[in-house]
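# Overview (structure and organization)
If you want the building blocks of each chain, they are given just below.
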Amino acid sequence: QVRLLESGGGLVQAGASLRLSCAASGRTFSSYAMGWFRQAPGKEREFVAAITWSGGYTNYANSVKGRFTISRDNAKNTVYLQMNSLKPEDTAVYHCVADSNWPLRVGSGFWGQGTQVTVSS
């Protein structure tokens, strides 16, 4: 129903910035809340950020608040995650999520395959 493809990950040094993109295809993109989860090796998936279908409300994990910004462009069927002041603990596979429900939850909605973000010290 909804397919998600993440891009923009890479290897950077601490303090650098990256912008992740999630391109969505399918039906009614604008009706879905969107967000990002991440998973580091050996750890559970962790909520990062979310945005409502209208873009009028956002939510962030405490660990990224003030450093990351989520946004969406419904005309381009794309959601973004601007990541500034990256830290080694941000290293993870970042997954894009789309769901008709709010808040976003692990085990619900549609998930992309993920993009790797690695931050060296």
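## Some thoughts on the sheet that holds strand 3 (residues 18-26)
Read from one edge of the open sheet, four strands run 1-3-8-7, paired in antiparallel fashion. Strands with a single pairing partner mark the edges of an open sheet, and in this sheet they are strand 1 (2-7) and strand 7 (68-73). Taking each pair of neighbouring strands and ignoring which way they run, the sheet shows an average axis angle of 15 degrees. Where strand 3 and strand 8 (residues 78-83) come together, six bridges link them in antiparallel fashion. Among the inter-strand pairings, alanine 23 is bridged to a residue of strand 8, identified as threonine 78.

## A few points about the state of the cysteines
Tallied over the full model, the rule gives one disulfide. Each sulfur of the disulfide joining cysteine 22 and cysteine 96 lies 2.1 Å from the other. In this structure, the disulfide formed by cysteine 22 and cysteine 96 twists by about -85 degrees around the S-S bond and is classed as left-handed. With a gap of 74 residues between them, cysteine 22 in strand 3 and cysteine 96 in strand 9 (residues 92-99) connect regions that are remote in the sequence. Each member of the pair, cysteine 22 together with cysteine 96, is buried.

## As for unusual backbone geometry
At the junction of tryptophan 102 and proline 103, the peptide bond is cis and its omega measures out at 0 degrees in the coordinates. Counting through the fold element by element, proline 103 comes out in the loop between strand 9 and strand 10 (110-111). In this structure, asparagine 77 is a non-glycine residue whose phi angle is positive, near 55 degrees. The phi dihedral of serine 85 is positive, around 50 degrees, even though this residue is not glycine.

## Here's the deal with the packing of aromatic side chains
Applying the stated rule across the entire model yields four aromatic pairs. Here phenylalanine 37 and phenylalanine 47 contribute two aromatic rings whose centre-to-centre distance is 5.6 Å and whose plane-to-plane angle is 75 degrees, an arrangement assigned as edge-to-face. With phenylalanine 37 in strand 4 (residues 33-39) and phenylalanine 47 in strand 5 (residues 46-51), this residue pair connects regions lying ten residues apart in the sequence. By relative accessible area, phenylalanine 47 is classed as partly exposed at 22%. Measuring from centroid to centroid gives 5.7 Å for tyrosine 57 and tryptophan 102, while their planes differ by 75 degrees, and the two rings are edge-to-face. Linking tyrosine 57 in the loop between strand 5 and strand 6 (58-60) with tryptophan 102 in the loop between strand 9 and strand 10, this pair joins segments that are 45 residues apart in sequence. The class of tryptophan 102 is partly exposed, set by a relative accessible area of 37%. Members of the aromatic cluster, each reached through a chain of ring pairs, are Phe37, Phe47 and Trp111.

## Observations concerning the pattern of salt bridges
By the definition in use, this model includes three salt bridges. Across the pair arginine 38 and glutamate 46 runs a salt bridge, and its minimum N-O distance is 2.9 Å. For arginine 38, a relative accessible area of 5% translates into the label buried. We note a salt bridge from arginine 38 to aspartate 90, for which the minimum N-O separation is 3.0 Å.

Cut-offs used in this document
Residues numbered from 1 in each chain as written. Predicted model: local features only at pLDDT ≥ 70, side-chain atom pairs only at ≥ 80, totals over all residues. Heavy atoms only, no water. Pairing = 2+ DSSP bridges. Helix = DSSP H or I, 4+ residues; strand = E, 2+ residues; numbered from the N terminus. Axes fitted to C-alpha atoms, helices over the stretch in contact; angles between N-to-C directions. Disulfide = S-S within 2.5 Å. Buried < 20%, exposed > 50% of the residue type's maximum accessible area, 1.4 Å probe, protein only. Phe/Tyr/Trp six-rings, centres within 6.5 Å; stacked < 30°, edge-to-face > 60°. Salt bridge = Lys/Arg side-chain N within 4 Å of Asp/Glu carboxyl O.

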